[in-house]
Amino acid sequence: MKVGGVPYRSIWRDGAGGVVVIDQTRLPHAFATRTLRDEEDCAAAIRTMTVRGAPLIGAVGAYGLAMALADDPGDAALERAYAALLATRPTAVNLRWALDQVRAAAKALAPARRAAAALACADALCEADVATNAAIGDHGLGLVRQAWDAKARRGPVNILTHCNTGWIACVDWGTALGIVYKAHDSGVPVHVWVDETRPRNQGGALTTWELANHGVPFTLIADNAGAHFMQRGQVDLCLVGADRVTAQGDVCNKIGTYMKALAAREAAIPFHVALPRSTIDWTIESGAAIEIEERSPEEVTHITGADEDGRLVRVRLTPPGTPAANPAFDVTPAELVTSFITEHGVFAPSALGRLRPVSAATPPATPAGAPGSCRA
Ligand code: MRU
């Protein structure tokens with residue numbers, strides 16, 4: 001996608017052994033890049049949320065493992081780096097998925113060949129992510145078009161979204177926002193209700209920035225306001241992403257997703273979840289088994305923004321010492337989900353099992369044009 005007319009991805013190789021990422025902690029106030037040169041740089045970028053979003057975390061983790069192997073390709077170093085990168089953020093399963101791919105690609109080879117294979121694998125995962133998200137967008141476009149037809153093409157399709165699911169959360173396009181971009185680009189008029197997404201404000205800071213860059217009409221709303229707009233008939237559909245979906249279709253996503261799903265059910269509004277297949281964790285059935293990341297209370301008690309001169313300032317919102325809880329994700333039960341929009345098509349929760357791999361040795365097909373797997 002473009003920033004100021006220049007095409008970007010969220011991550012790219014610098015040609016000197018490093019990868020460049022956009023520092024998401026500085027958006028929307030500054031567009032700054034950071035070069036990650038080794039495993040610890042990659043781990044720190046994930047931990048500090050310089051990079052974030054389930055697919056992008058996976059991509060950075062993959063490069064981090066490749067960089068670790070460039071330093072030491074031995075088995076012990078491989079396992080240590082795998083564990084260190086996996087521990088950076090616990091909830092989004094794409095990180096484990098990507099690390100598994102790179103580890104398997106490397107382990108099949110003699111140590112001397114591992115670093116190059118791991119790097120090629122990380123590159124392949126990034127290319128596949130772009131094609132995957134483009135395919136999610138194409139499949140989701142059909143649903144948005146249907147919603148437009150259902151309102152006799154009077155006015156835009158009003159889409160409520162949560163957190164940031166755009167190109168900067170992935171390698172390009174995005175999951176739920178990828179659908180919005182595809183709709184907008186193909187002439188289906190859309191207007192997006194952007195949930196602010198407290199406490200880190202991924203909606204207010206990042207989704208607004210992305211949509212404005214792409215020229216998509218949107219309105220930012222406080223997290224508490226979504227149900228109100230749904231009740232008033234001002235939302236045609238909800239479109240969110242996911243950080244981990246269980247085999248039975250429970251959806252773990254950014255905190256606040258569950259209350260939107262409850263409100264959507266009450267207002268009879270479709271609630272769609274857009275995700276790559278790599279976000280499905282086939283090892284668990286129930287969302288109750290997912291580890292929910294608990295983040296610093298200071299993300300709730302304090303906030304960072306730009307002052308009138310554009311300087312970043314951090315202020316406290318609460319009395320000093322206010323205790324705060326900060327779960328980063330919640331779980332929406334499968335019964336509240338209308339459909340899953342994936343690179344393989346649109347599935348009802350009861351049909352999600354059709355995406356289950358037959359075996360680890362037979363990876364699923366990927367969209368046309370995407371490298372299938374690091375092992376292929
Ligand atoms: O804590 P974050 O900002 O990494 O959380 C991101 C989300 O919850 C996204 O909605 C999610 O990764 C799915 S869409 C790419």
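Attention in this report is confined to the structure presented alongside it.

Rules of the game
Residues numbered from 1 in each chain as written. Predicted model: local features only at pLDDT ≥ 70, side-chain atom pairs only at ≥ 80, totals over all residues. Heavy atoms only, no water. Pairing = 2+ DSSP bridges. Helix = DSSP H or I, 4+ residues; strand = E, 2+ residues; numbered from the N terminus. Contact = heavy atoms within 4.5 Å. Axes fitted to C-alpha atoms, helices over the stretch in contact; angles between N-to-C directions. Disulfide = S-S within 2.5 Å. Phe/Tyr/Trp six-rings, centres within 6.5 Å; stacked < 30°, edge-to-face > 60°. Buried < 20%, exposed > 50% of the residue type's maximum accessible area, 1.4 Å probe, protein only. Near = heavy atom within 4 Å. Polar contact = N/O pair within 3.5 Å; in protein donor to acceptor, adjacent residues only side chain to side chain. Areas by Shrake-Rupley, 256 points an atom, 1.4 Å probe, with all protein chains shown as cover. Nonpolar A, V, L, I, M, F, W, Y, C, P; charged D, E, K, R; others polar. Salt bridge = Lys/Arg side-chain N within 4 Å of Asp/Glu carboxyl O.

## Side note on the sheet that holds strand β16 (residues 329-332)
Taking strand neighbours across the sheet as the criterion, the four strands line up as β13-β10-β11-β16 in an open arrangement whose pairing is mixed. The sheet is open, and its two borders are formed by β13 (280-281) and β16, each paired with just one other strand. Where strand β11 (residues 251-254) meets β16, four bridges bridge the pair, whose relative direction is antiparallel. Within the sheet, the bridge partner assigned to valine 251 lies in β16 and is threonine 332. The strands touched by helix α9 (residues 257-266) are β11 and β16; relative to β16, the strand with the most contacts, the crossing angle is about 30 degrees.

## A word on the state of the cysteines
As enumerated under the stated definition, the model contains zero disulfides in all. Cysteine 42 takes part in no disulfide bond, and the closest cysteine sulfur, belonging to cysteine 126, lies 11 Å away. Lacking any disulfide linkage, cysteine 238 is separated from the closest cysteine sulfur, that of cysteine 163, by 15 Å.

## Focus on the packing of aromatic side chains
Scanning all chains against the criterion turns up five aromatic pairs. Both rings, one in tryptophan 167 and one in tryptophan 209, keep their centres 6.2 Å apart while their planes meet at 35 degrees; by these two values the pair is tilted. Taken together, the residues span a long stretch of sequence, with tryptophan 167 in the loop between β6 (157-161) and α6 (176-185) and tryptophan 209 in helix α7 (residues 202-214) at a distance of 42 residues. There is no split in this pair, since tryptophan 167 and tryptophan 209 are both buried. Here the aromatic rings of tryptophan 193 and phenylalanine 229 are separated by 4.2 Å at their centres, their planes lie at 20 degrees, and the arrangement is stacked. On the criterion of sequence distance, the pair formed by tryptophan 193 in strand β7 (residues 190-195) and phenylalanine 229 in helix α8 (residues 226-231) is long-range, its members being 36 residues apart. Comparing tryptophan 193 with phenylalanine 229, the two get one shared label, buried.

## Structural notes on the site of the ligand
Neighbouring the ligand are 18 residues; Arg52, Ala54, Arg89, Asp243 and Lys254 lie closest to it. Contact distances for the ligand include 2.5 Å between an oxygen atom and a side-chain N or O atom of arginine 52. Take lysine 254: an N or O atom from its side chain is 2.7 Å from an oxygen atom of the ligand. Contact with the protein chains removes 99% of the 410 Å² of surface that the ligand exposes when unbound. Of all the secondary-structure elements, those providing two or more residues to the shell around the ligand are α2 (54-71) and β11. Split into classes, the residues belonging to the shell around the ligand amount to seven nonpolar, seven polar and four charged.

## As for the pattern of salt bridges
Under the defined criterion, the tally for this structure stands at 24 salt bridges. Close ionic contact of arginine 103 with aspartate 100 constitutes a salt bridge, the shortest N to O distance being 3.7 Å. Residue arginine 103 and its partner aspartate 100 are both found in helix α4 (residues 94-107); the two are separated by three residues, about one turn of the helix. Taking relative accessible area as the criterion, aspartate 100 reaches 29% and is therefore assigned partly exposed. We note a salt bridge from glutamate 299 to arginine 200, for which the minimum N-O separation is 2.6 Å. Of the two residues, glutamate 299 sits in helix α10 (residues 298-301) while arginine 200 sits in the loop between β7 and α7, which places them 99 residues apart along the sequence. A relative accessible area of 30% means that arginine 200 is categorised as partly exposed. One network of salt bridges, with partners in common, ties together Arg89, Arg200, Glu293, Arg295 and Glu299.

None of the figures reported here should be taken as evidence of function without further support.
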